[in-house]
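Spelled out from the first residue to the last, the chains are:
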Amino acid sequence: MTAPNAALCRRTVLALAGAGMLSAGLPARAAEKPILQATTGQVAELLRAVAGDTASISSLMGEGIDPHSYKLTRSDTVALMKADAVFHSGLFLEGKMAEMLDKLSASRPVHAAASVLPKDRLIHPDGADGHPDPHVWMDPTLWRLALLGVRDRLSTLYPANEALYAANAAKAAAEYEALTAYAGKVLASVPEQRRVLVTAHDAFSYLGRAYGLSVVGIQGISTESEAGLQRIESMVSLLVDRKIPAVFIETSVSDRNIQALIQGAGAKGHKVSIGGSLYSDAMGAPGTYEGTYVGMIDHNVTTIAQALGGSVPARGFQGRLAAR
C-alpha cells in the first residue's frame, strides 16, 4: 500500500471511529437478518451458498472489477462499518484494503476465505514479494475447502443455523466436485501440445495445476505489474514454436498486451486468435449463470477447451452457458 493510500485509509478509519461507527451494531440484531459483507463476488457466492436467505449478503466489487487495484469508496467504508461480519478472499488479493480490514477485525468478525487452505497447496510465484498466488478460486477443490471454512465460521457466529449451514454447504460442495470432474474431462480432450493457456495476467495457475495446463501470464499475479518487451517476445516465440492457436483476454484486465502477442506472432507467420474472454478476478453480470461461481468456472474451462481444440458440450457443464 502506498503512503498516500495508507494515510487516506487511516484518516477514514479514525474519522468513522470518532463518530462511533466502529463500535456500532456489532452483534447481529436478534429480530433481523445478520448483515454479511463480502469484498468480491466469489466470496459473496460462498456466503450465499451456505447462509442462503438467512442473511443479508452483498459484495463491494461487481462485474469487471479488478480487486488488485480496487480502492474503497466512502460508501464502501460505510457498508463495512454497518456489517455484522466481513468476509474477504485473503492472500493479499485485496491489497489496498489491508489496513481497513485489520482495523475492522478489532470490532467485528473478519474472515479470510483462503485462511483455511493448507499452506502446502498454495502456489508461490517468483517475484511476488513472498505473497502466495491469491487466485485460489480457480481450483474448485480448493474453493470447496474455502466453502467449508465459511460454513464453520458462520456456524460459530450463528449456532442456531448450524444444521442449515451444514446441509447447504454439503449441496454446494457436491456441485463443486461435479464441476471439477467436468473440467478435468473437457480440458483433457485438448491435444497435449496445445495445453498452454496464455492470458493477460497470471490468474490461472491453480486451474492449470489442477488440470494439466501450462499457464503463461504476460503480467505477474497482480494486474499492477508491468510486462516488459523481453517477456512479450519470449511469449511470441512460445506461441509460434508450439503452434498455439488461441490466447485469451480477461473481463477485468486490458487486452493491450494480448493484442501485442497476436501481432507479434502474425509477424512471424503464425496466426493466433482470441479464444474468448475469461473471468479471472471478477465473475459475470449479476443475475446470469456466468455471474455465479459455478457458471464462472464452467465458462472458463469450456471456453479454453473449445478454443484450444478440445471437445465440449455446446452449452457447458450444466447446459446453462450463454449461446456461443
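This is a predicted model, so every value here is computed, not measured. Per-chain numbering applies: the sequence of each chain, read as written, is numbered from 1 onward. Only residues with pLDDT of at least 70 are given local features in this predicted model, and only at 80 or more are side-chain atom pairs given and counted; all residues enter the totals for whole chains, interfaces and linings. Side-chain numbers come from the whole structure's heavy atoms, not from hydrogens or water.

For the protein, the count of helices and strands is 10 helices and eight strands. Looking at the protein as a whole, 50% of its 324 residues are labelled buried. Sequence-distant contacts in the protein: of pairs separated by 6 or more residues, those separated by 24 or more amount to 68%. Only runs of H or I of at least four residues qualify as helices and only runs of E of at least two qualify as strands under DSSP, and these elements are numbered from the N terminus. Between buried and exposed lies partly exposed: a residue is buried under 20% and exposed over 50% of the maximum accessible area for its type, with that area taken using a 1.4 Å probe on protein chains only. Contact criterion: two residues are considered in contact whenever any of their non-hydrogen atoms come within 4.5 Å of each other.

This part takes up the sheet that holds strand 3 (residues 85-88). Read from one edge to the other, the open sheet built from four strands follows the order 2-1-3-4, with strand pairing classed as parallel. Edge positions in the sheet fall to strand 2 (56-59) and strand 4 (110-112), since each has one partner strand and no second. With direction set aside, neighbouring strand axes in the sheet form an average angle of 20°. We call two strands paired when DSSP finds no fewer than two bridges between them. For strand 3 and strand 4, the ladder comprises three bridges, and the chain directions are parallel. Within the sheet, the bridge partner assigned to His88 lies in strand 4 and is Ala112. Inter-axis angles, ranging from 0 to 180 degrees, are taken between N-to-C directions of lines fitted to C-alpha atoms, where helices are fitted over the stretch in contact.

Below, the discussion takes up the packing of helix 8 (residues 229-242) against helix 9 (residues 256-267). Their axes nearest at 9 Å, the elements helix 8 and helix 9 cross at an angle of 55°. Relative to helix 9, the element helix 8 is oriented oblique. The crossing of helix 8 and helix 9 is right-handed. The residues of helix 9 that touch helix 8, namely those facing Ile232, Met235, Val236, Leu239 and Val240, are Asn257, Ala260, Leu261, Gly264 and Ala265. When residues are grouped by polarity, Ala, Val, Leu, Ile, Met, Phe, Trp, Tyr, Cys and Pro land in nonpolar, Asp, Glu, Lys and Arg in charged, and all others, Gly among them, in polar. Classifying every residue of the contact of helix 8 with helix 9 gives eight nonpolar, two polar and no charged. Angle categories are assigned with fixed cut-offs, so that under 35 degrees is roughly parallel, over 145 is roughly antiparallel, 65 to 115 is roughly perpendicular, and the rest are oblique. In this scheme the handedness of a crossing depends on how the near helix is turned from the far one: anticlockwise by less than a right angle means left-handed, clockwise means right-handed.

Once that is clear, we can look at the nonpolar core. Buried Ala, Val, Leu, Ile, Met, Phe, Trp, Tyr and Cys residues form a nonpolar core when they are joined through side-chain atoms within 4.5 Å. Among the nonpolar cores identified, the biggest contains 80 residues, and Leu36, Trp143, Leu154, Leu187, Leu261 and Ile304 are the most heavily contacted of them. Ranked by residue count, the leading element in this core is helix 6 (residues 162-188), at 10 residues. Non-local contacts of Leu154, meaning those with residues more than four positions away in its chain, are made with Leu36, Leu47, Val50, Ala51, Phe87 and Tyr165. Residues Val86, Met100, Leu101 and Val110 belong to the second largest nonpolar core, which totals 12 residues.

A separate point is helix 2 (residues 41-51). Of all 11 residues making up helix 2, nine are buried, and the element is well covered by its neighbours. Listed as buried for helix 2 are Gly41, Gln42, Val43, Ala44, Glu45, Leu46, Leu47, Val50 and Ala51. Contacts from the buried residues of helix 2 go to strand 1 (35-38), strand 2, strand 3, helix 5 (140-157), helix 6 and helix 10 (293-307). Residue Gly52 follows helix 2 closely and has a positive phi angle near 55°.

Moving on, we come to the environment of Val50. Following the sequence through the fold, Val50 ends up in helix 2. With 114 residues separating them along the chain, Val50 and Leu164 place their C-alpha atoms 8.0 Å apart. Residues within four places of Val50 in sequence aside, it is in contact with Leu147, Val150, Arg151, Leu154, Leu164, Tyr165, Asn168 and Ala169.

Time to look at helix 6. Look at helix 6: 39 Å from first C-alpha to last across 27 residues, which is about the 39 Å you get at 1.5 Å a residue. Of all the positions in helix 6, only Tyr165, Ala169, Ala172, Ala173, Tyr176, Leu179, Thr180, Tyr182, Ala183, Val186 and Leu187 are classed as buried. In this structure, the buried residues of helix 6 make contact with helix 2, helix 5, helix 7 (205-211) and helix 10. An expected span of 1.5 Å times one less than the residue number is assigned to each helix.

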